[in-house]
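Chain by chain, the residues:
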Amino acid sequence: MREPRLTVSLLVTNIGELVTWDAERPILHDAAFVVEGGRITWFGARTQAPSADAQRDVAGAAVIPGFVDSHSHLVFAGDRSAEFEARMTGEPYAAGGIRTTVAATRAATDEQLAANVARHVTEMHAQGTTTVEIKSGYGLTVHDEARSLAIAKQFTDETTFLGAHVVPDDTDIAAYVDLVTGPMLERCAPHARWIDVFCEDGAFGADETRAVLEAGIAAGLQPRIHASQLGPGPGVQLAVGLGAAAADHCTYLTDADVDALAGSTTVAGLLPGVEFSTRHPYPDARRLIDAGVTVALATDCNPGSSYTSSMAFCISVAVRDMGMSPREALWSATLGGATSLRRDDIGRLTVGARADFSVLNAPSYVHLAYRPGVPLVLSTWKDGRQLV
Ligand SMILES: [Zn+2]
């Protein structure tokens, strides 16, 4: 027998500051909104709110859209804290970086990998993130990439095949690109929405990057890219030329790269946790925004170069060191992330959007940057249901 469908409406009220990103009313004070069937059905002034089946009084707190973390590498095993400690203290460290994670990931069971993803996703929820993109890329074999994506798919629809993360040891790059664009893509495509390449000196060059992304597109995946993290390169313009949703990192951009992004629908994803953890210079968000480029902020959560799951941390750094205003940084961490994932149902709290939001222990979203490192998320809700 079919269970009757329960439609219970919830009024969230007494909101001191509500960030909606609505075109006319992006930020409201003394506000309220109504959720029904997991979606926002009304928002506006508290005094004009309609009645609902249930009510949640947030006592003057700020409410923001859930963070959309558009770039992470959560399917991994192992720990690289010794490498981080060595880097931060100027000690030499000889271990194999990303290869350490590949070896640990291959050795882990599916259950161990899934438990590790679950732990990090829970950590993200507690910090206000309601949507996360998750990449493969620590398997680098057909079997290990496919199971990485199958595991990621248990946690998000935004899964990305990143077989072209690095070339495995003792492998010829041309042979590896053939594997990635052939049998590996065939096994991975059913579990992925996106295809990604690490386009950088020492990883994959322009020709290999184009070959991988075009094969992915032909298999029904949508392209995004890691570009210009360590130096200028061809990645950004390749991404724009292929209509990629995102070019992420963008730390070293030429004027031509900025112009190309500005005239495109490709979002520049900035990942300040990487520069923080590697002591590299931060990307110049101000330059991109002033040129008219759409900017997203994401954690790049991974055990090597950026082991943070905190979008609030990224906002703090973006405001302090990348020339973003608190409002721009929050936009980039919410609606900017949604744009990077080509989603119009998340990253905003307008009528029809998913009721993905967090309640802050603060009167304003500005506190996210103003009070760095402080756990300000009181509760996180996804599709109108409380997660944390
Ligand atoms: Zn990455």
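Residues numbered from 1 in each chain as written. Predicted model: local features only at pLDDT ≥ 70, side-chain atom pairs only at ≥ 80, totals over all residues.

> Explanation requested: the packing of helix 5 (residues 173-188) against helix 6 (residues 206-218) in the structure shown.
Packed helix pairs are specified by the crossing angle of their axes together with the interaxial distance, meaning the distance between the axes. Where helix 5 meets helix 6, the closest approach of the two axes is 10 Å, and the angle between their N-to-C directions is 10°. Of the possible angle classes, the one that applies to helix 5 and helix 6 is roughly parallel. Contacts between helix 5 and helix 6 involve Ile173, Val177, Val180, Thr181 and Leu185 on the former and, on the latter, Glu208, Ala211, Val212, Ala215 and Gly216. Looking at the contact of helix 5 with helix 6, its residues break down into 7 nonpolar, 2 polar and 1 charged. (Axes fitted to C-alpha atoms, helices over the stretch in contact; angles between N-to-C directions. Helix = DSSP H or I, 4+ residues; strand = E, 2+ residues; numbered from the N terminus. Parallel < 35°, antiparallel > 145°, perpendicular 65-115°, else oblique. Contact = placed C-beta atoms within 7 Å. Nonpolar A, V, L, I, M, F, W, Y, C, P; charged D, E, K, R; others polar.)

> What's the story with the pairing of strand 5 (residues 62-65) in this structure? I'm lost.
On a regular strand, one side chain projects to one face of the sheet and the next to the other, so that they alternate. Across 2 bridges, strand 1 (residues 10-19) lies against strand 5 in parallel orientation. Bridged to Leu18 within strand 5 is Val63. The pairing of strand 5 with strand 16 (residues 357-360) spans 3 bridges and is antiparallel. When the sheet's bridge partners are listed, Val63 is paired in strand 16 with Val359. (Pairing = 2+ DSSP bridges.)

> Looking at this structure, I do not really get unusual backbone geometry. What am I missing?
Among all residues save glycine, negative phi is the norm, and among peptide bonds the norm is trans. Located in the positive-phi region is Arg279, a residue other than glycine, with phi close to 55°. If you trace the backbone, Arg279 turns up in the loop between helix 9 (272-278) and helix 10 (285-290). Residues other than glycine seldom take positive phi values, yet Asp383 does so here, at roughly 50°. Relative to the helices and strands, Asp383 is located in the loop between strand 17 (377-382) and strand 18 (385-386).

> Hey, could you run me through the domain arrangement of the chain in this one?
Size of an interface, as often reported, equals the accessible area lost when the parts are brought together. Under the domain assignment used here, the chain contains domain 1 (10-66 + 348-386) and domain 2 (67-340). The centre of domain 1, based on its C-alpha atoms, is set 30 Å off from the matching centre of domain 2. Domain 1 puts 17 residues into the contact, and the matching count from domain 2 is 18 residues. Residue assignment for the side of domain 1 that touches domain 2 shows that the elements contributing at least two residues are strand 5, helix 14 (367-370) and strand 17. Looking at the side of domain 1 that touches domain 2, its residues break down into 11 nonpolar, 3 polar and 3 charged. (Domains from an automatic or database assignment.)

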